[in-house]
Amino acid sequence: MISYYGRFIYTLANKYVLTVNARTDGSSKYFPGGRWGFFPSIAGAWRMSEENFLRNSKVVSDLKIRGSWGITGQQEGIGFFEYIPRYTLSNNQGLYQLGNQFLTMARPAGYFDRLRWETTTNKNIGVDFGFFDNRISGSVEGFIRTTKDLLFTVSVPAGANFSNQILQNIGTIENRGYEITLNLVPIRNKDVEWNISANFTHVVPEVTKLLDNPTPDFKGYNVGGIDGGTGNTIQVIRTGEAPRSFLVYKQVYDQNNKPIEGLYEDFNRDGIINEQDLYVYQLSLIHISEPTRQ
């Protein structure tokens, strides 16, 4: 990997700040046409507390409005030569028996010949504040984070490649949210300073795209392997839902609000409980909504 990086910072009257970054990265993990990525960013800030109408304020000690936009690239967590047709040696579970000998095989590996950078665009706007000599301070910030060309291992039709699962660039995920930080200093003297801090973050993630031309029967990619048989999964990556939402059967309850053993909701009303009756049940550690019976 090779990188070129530059930064420009301009400050005017200690009130207006402009920061511009330009970075270009080249990685041999990607095919030649997608090997180089350009990742710029720009940020601006206005320190209102330095203006004449607030400079001598006994209440407002700090007030700054800021905003930024930038792109970053991702190339970690993937192997070398994933875009090149190649042969690999089999492991102990893929040996070939010839008489009493078990021989290692050289076999073709799956590949995606257009592997390129995964990119994330961040946009945010925020306000930093401080009151009464910063005895009360904090920030409020809203942001949108969009990740495109996701590096994700997906299943492919039999015979379409040399493996049934291939690492590809596929899909877009968008995260919208806000963050609030509050700091209090109830005690401050020459001997003791007591700080109290609190932080709250709310994020709503959503898969906004998976395929360029999805078919009507495409329901997303099943992920989140579980024990109990080869290929069993418990999660799904599906357009319009949070990434890795749980895909499960809906439990049916009796009049006493007790689960009925082995009875699940027949959503399509065909009299059969099968994979067509699975539904998306989101469980997020970032945003907790009202509990749903499951």
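Let me begin by describing the structure that accompanies this report. (Residues numbered from 1 in each chain as written. Predicted model: local features only at pLDDT ≥ 70, side-chain atom pairs only at ≥ 80, totals over all residues. Heavy atoms only, no water.)

1. Details of the overall build of the protein chain
For step 1, the next point in the chain: On a plain count of helices and strands, the protein chain comes out with one helix and 20 strands.
For step 2, the next point in the chain: Taken over the C-alpha atoms alone, the protein chain extends approximately 90 × 65 × 45 Å along its principal axes.
For step 3, the next point in the chain: Classification of the 294 residues of the protein chain by burial places 29% in the buried group.
For step 4, the next point in the chain: Considering only intrachain contacts with a sequence separation of at least 6, the fraction spanning at least 24 residues in the protein chain is 55%.
For step 5, the next point in the chain: Put simply, the protein chain shows about 19,600 Å² of open surface, and 54% of that area lies on carbon and sulfur atoms.
For step 6, the next point in the chain: One finds the centroid of the 29 positive side-chain charges in the protein chain at a distance of 7 Å from the centroid of its 29 negative side-chain charges. (Helix = DSSP H or I, 4+ residues; strand = E, 2+ residues; numbered from the N terminus. Buried < 20%, exposed > 50% of the residue type's maximum accessible area, 1.4 Å probe, protein only. Contact = heavy atoms within 4.5 Å. Areas by Shrake-Rupley, 256 points an atom, 1.4 Å probe, with all protein chains shown as cover. Lys, Arg positive; Asp, Glu negative; His and termini not counted. Charge placed at Lys NZ, Arg CZ, Asp CG, Glu CD.)

2. Let's talk about the pattern of salt bridges
Pairing of side chains with opposite charge becomes possible as their charged atoms draw close.
For step 1, the next point in the chain: Throughout the structure, instances matching the rule amount to 13 salt bridges.
For step 2, the next point in the chain: Salt bridges linked by common partners bring Lys64, Arg66, Asp128 and Glu141 together as one network. (Salt bridge = Lys/Arg side-chain N within 4 Å of Asp/Glu carboxyl O.)

3. Concerning the pairing of strand β14 (residues 193–209)
For step 1, the next point in the chain: Two elements, strand β13 (residues 172–188) and β14, share 15 bridges in a ladder whose sense is antiparallel. Counterpart to Arg188 in the pairing with β14 is Glu193.
For step 2, the next point in the chain: A loop of four residues connects β13 with β14, the two strands running antiparallel in sequence. (Pairing = 2+ DSSP bridges.)

4. Here's the deal with the sheet that holds strand β3 (residues 36–47)
For step 1, the next point in the chain: Read across the sheet, eight strands follow the order β1-β2-β3-β4-β9-β10-β13-β14 without closing on themselves; strand pairing throughout is antiparallel. Looking along the sheet, the strands with just one partner apiece sit at the ends: β1 (2–12) and β14. Between one strand and the next, the sheet's axes are offset by a mean angle of 10 degrees, whatever the strand orientation.
For step 2, the next point in the chain: Both β3 and strand β4 (residues 60–74) contribute to a ladder of seven bridges, which runs antiparallel. (Axes fitted to C-alpha atoms, helices over the stretch in contact; angles between N-to-C directions.)

5. What about unusual backbone geometry?
For step 1, the next point in the chain: The phi dihedral of Asn14 is positive, around 60 degrees, even though this residue is not glycine.
For step 2, the next point in the chain: In this structure, Asn14 sits in the loop between β1 and β2 (16–26).
For step 3, the next point in the chain: Despite not being glycine, Asn134 has its phi angle at roughly 60 degrees, a positive value.
For step 4, the next point in the chain: Within the secondary structure, Asn134 is located in the loop between β9 (118–131) and β10 (136–148).

6. Description of the side chain of Arg66
For step 1, the next point in the chain: Summarising the element assignment, Arg66 is placed in strand β4.
For step 2, the next point in the chain: Within the local environment of Arg66, its side chain forms a polar contact with the side chain of Asp128, the two groups lying 3.0 Å apart.
For step 3, the next point in the chain: Look past the residues within four positions of Arg66 in its chain and what remains in contact with it is Gly44, Ala45, Asn124, Ile125, Gly126, Asp128, Ser139 and Glu141. (Polar contact = N/O pair within 3.5 Å; in protein donor to acceptor, adjacent residues only side chain to side chain.)

Note that all results are geometric; they support no functional claim without further evidence.
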